[in-house]
Amino acid sequence: MGKLDGKVAVVTGAASGIGAGISIAFAKEGATVVLVDLVDEAGFSSTVSGIVALGTDRYYTYTCDVANEEQVNGMADWVRANVGEADVVVNNAGIFIESSVVDMTSAIWDKVIGVNLRGTFLVTRAFLASMIERRGGRVINIASQLAQIGGTEASAYAASKGGVISFTKSLAREVATLGINVNAIAPGPIKTPLLDGETPEWRERKLAELPIGRFGEVSEVVPTAILLASDDGSYYVGAVLGPNGGDVMN
Ligand SMILES: NC(=O)c1ccc[n+]([C@@H]2O[C@H](COP(=O)([O-])OP(=O)(O)OC[C@H]3O[C@@H](n4cnc5c(N)ncnc54)[C@H](O)[C@@H]3O)[C@@H](O)[C@H]2O)c1
């Protein structure tokens, strides 16, 4: 028996990093997983290989920009028609663009807020009405510990993730009595392609200030997602769980 047997889970940003890890783990727990990402079919191959290696074909891929309203609504309609109603939505797609505030173009600001915050809103809204109708569902938003502590040259990113946390708490209040649990995960620095973009100086400084003294693995974030998606997480409402190596201590 898996913790997510019979569930349909939609994971955005599923082609890489944390989203790939969550998707494979959800499939292992028995869910049918819809992998959503910007990439084309070939771009999903490493996540797909991970799922197929489990001996299951309970997955679908869908190319979609989470910041694009029309594409997101089309994706949700497609999921409903071809897979079924979504029980779990993981808003994981995210981008990080480094810039000091003084040098930041409005295009960078809009892009980061567009994917990380607007995307979280659009994808959630596209599945929410049917969760309300069915009186059940889980929404898991991937925030960041930088929302809690800020980050030099990371203001757009930190602001977007701060928005994700506020959105999570507000929506959690709106729908908790309707059987829908909305929570966030705010990871610390995790070894993924997103972190690979950081400079050696940044990595050195970050490692020195991290209480645990090392960057995290995707596998150290995934169990929190399983907790929040499964029956084990039934009493979490508007929580911000932090697998972060001690970067933020709540
Ligand atoms: N890696 C870290 O240190 C870290 C820490 C805290 C939070 N996070 C958050 O975790 C999430 C996953 O990050 P990751 O580290 O796995 O990064 P990643 O770059 O490995 O994966 C992000 C995925 O999102 C996809 N994506 C980007 N823009 C998209 C869009 N507009 N529409 C659909 N898909 C899009 C990318 O194609 C990619 O597959 C992000 O929200 C990130 O902000 C990461």
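Above this text you will find the structure in question.
The paragraphs below set out a description of the structure included in this document. If you're wondering where the values come from, they're calculated on a predicted model, not measured in any experiment.

Each value, and the rule that gives it
Residues numbered from 1 in each chain as written. Predicted model: local features only at pLDDT ≥ 70, side-chain atom pairs only at ≥ 80, totals over all residues. Helix = DSSP H or I, 4+ residues; strand = E, 2+ residues; numbered from the N terminus. Contact = placed C-beta atoms within 7 Å. Near = placed C-beta within 6 Å. Nonpolar A, V, L, I, M, F, W, Y, C, P; charged D, E, K, R; others polar. Pairing = 2+ DSSP bridges. Axes fitted to C-alpha atoms, helices over the stretch in contact; angles between N-to-C directions. Parallel < 35°, antiparallel > 145°, perpendicular 65-115°, else oblique. Left-handed = near helix turned anticlockwise from the far one by under 90°. Expected span 1.5 Å × (residues − 1). Buried ≥ 20, exposed ≤ 12 C-beta atoms within 10 Å, placed from the backbone. Right-handed = clockwise from strand over helix to strand, strands pointing away. Core = buried A, V, L, I, M, F, W, Y, C linked by C-beta atoms within 7 Å.

## Concerning the environment of aspartate 232
Summarising the element assignment, aspartate 232 is placed in the loop between α9 (222-229) and β7 (240-241). Filtering out sequence-adjacent residues up to four positions away, aspartate 232 remains in contact with Lys3 and Leu227.

## Considerations on the site of the ligand
As a structural note, the neighbourhood of the ligand is formed by 28 residues, with Gly13, Gly17, Gly94, Thr192 and Leu194 the closest of them. If you list the elements that add at least two residues to the shell around the ligand, you get α1 (17-28), α4 (106-134) and α7 (193-196). Residues of the shell around the ligand, tallied by class, amount to 16 nonpolar, 10 polar and 2 charged.

## Some details on the sheet that holds β7
Here we have 7 strands laid out as an open sheet, ordered β3-β2-β1-β4-β5-β6-β7, and parallel in their pairing. With one partner strand each, in any of the chains shown, β3 (59-63) and β7 form the two edges of the open sheet. With 6 bridges joining them, strand β5 (residues 137-142) and strand β6 (residues 180-185) adopt parallel strand pairing. In the sheet register, valine 139 faces β6, and the bridge partner there is valine 182.

## Quick notes on the environment of isoleucine 190
You can see isoleucine 190 is positioned in the loop between β6 and α7. Expressed as a C-alpha distance, the spacing of isoleucine 190 and leucine 128, which sit 62 residues apart in the sequence, is 29 Å. The residues touching isoleucine 190, leaving out its near neighbours within four places in the chain, are Ile18, Leu195, Phe215, Gly216, Glu217, Val218 and Val221.

## Here we look at the packing of α1 against α9
Where α1 contacts α9, the axes come no closer than 9 Å and their chain directions differ by 50 degrees. By the angle between their directions, the pair α1 and α9 is classed as oblique. The two elements α1 and α9 cross, and the hand of that crossing is right-handed. Note on element contacts: α9 touches α1 through Val222, Ala225, Ile226 and Ala229, opposite Gly21, Ile22, Ala25 and Phe26. Taken together, the residues of the contact of α1 with α9 break down into 7 nonpolar, 1 polar and no charged.

## A closer look at helix α6 (residues 155-175)
With 21 residues, α6 extends 30 Å from end C-alpha to end C-alpha; this agrees with the ideal 30 Å at 1.5 Å per step. Of all the positions in α6, only Ala156, Tyr157, Ala158, Ser160, Lys161, Val164, Phe167, Thr168, Leu171 and Ala172 are classed as buried. Those residues of α6 that are buried are in contact with α4, β5, α5 (146-149) and β6.

## Some points on the pairing of β5
Among the 6 residues that make up β5, 6 are buried, leaving the element largely enclosed by the rest of the structure. Burial along β5 is two-sided: the residues Gly137, Val139 and Asn141 and Arg138, Ile140 and Ile142 are all buried. Looking at chain direction, strand β4 (residues 88-91) and β5 are connected through 4 bridges and run parallel. Within β5, the position partnered with valine 88 by the bridge is arginine 138. After leaving β4, the chain enters α4 and then returns to the sheet as β5, a path that is right-handed.

## Here's the deal with unusual backbone geometry
Backbone geometry places arginine 135, a non-glycine residue, at a positive phi of 55 degrees. Tracing the sequence through the fold places arginine 135 in the loop between α4 and β5. By the C-beta count within 10 Å, which is 11 here, arginine 135 ends up exposed. Not every positive phi belongs to a glycine, and glutamate 153 is a case in point at roughly 60 degrees.

## Considerations on the nonpolar core
Across soluble globular proteins, nonpolar side chains show a tendency to be buried alongside one another. Membership of the largest hydrophobic core comes to 74 residues, with the highest contact counts inside it found for Ala9, Val10, Val11, Phe26, Val33 and Ala225. The leading source of residues in this core is α4, at 9 residues. Not counting residues up to four positions away in its chain, the partners in contact with alanine 9 are Leu4, Phe26, Ala31, Val33, Asp87, Val88, Val90 and Ala229.

## Topic: the packing of α1 against helix α2 (residues 45-52)
At their nearest, the axes of α1 and α2 sit 9 Å apart, and the two run at 20 degrees to each other. One way to sum up the angle between α1 and α2 is to call them roughly parallel. In the crossing of α1 with α2, the sense of the turn from one axis to the other is right-handed. On α2, the residues touching Ala20, Ser23, Ile24 and Ala27 of α1 are Ser46, Thr47, Gly50 and Ile51. Grouping the constituent residues of the contact of α1 with α2 by class yields 4 nonpolar, 4 polar and no charged.

Just distances and angles here, no functional claims.
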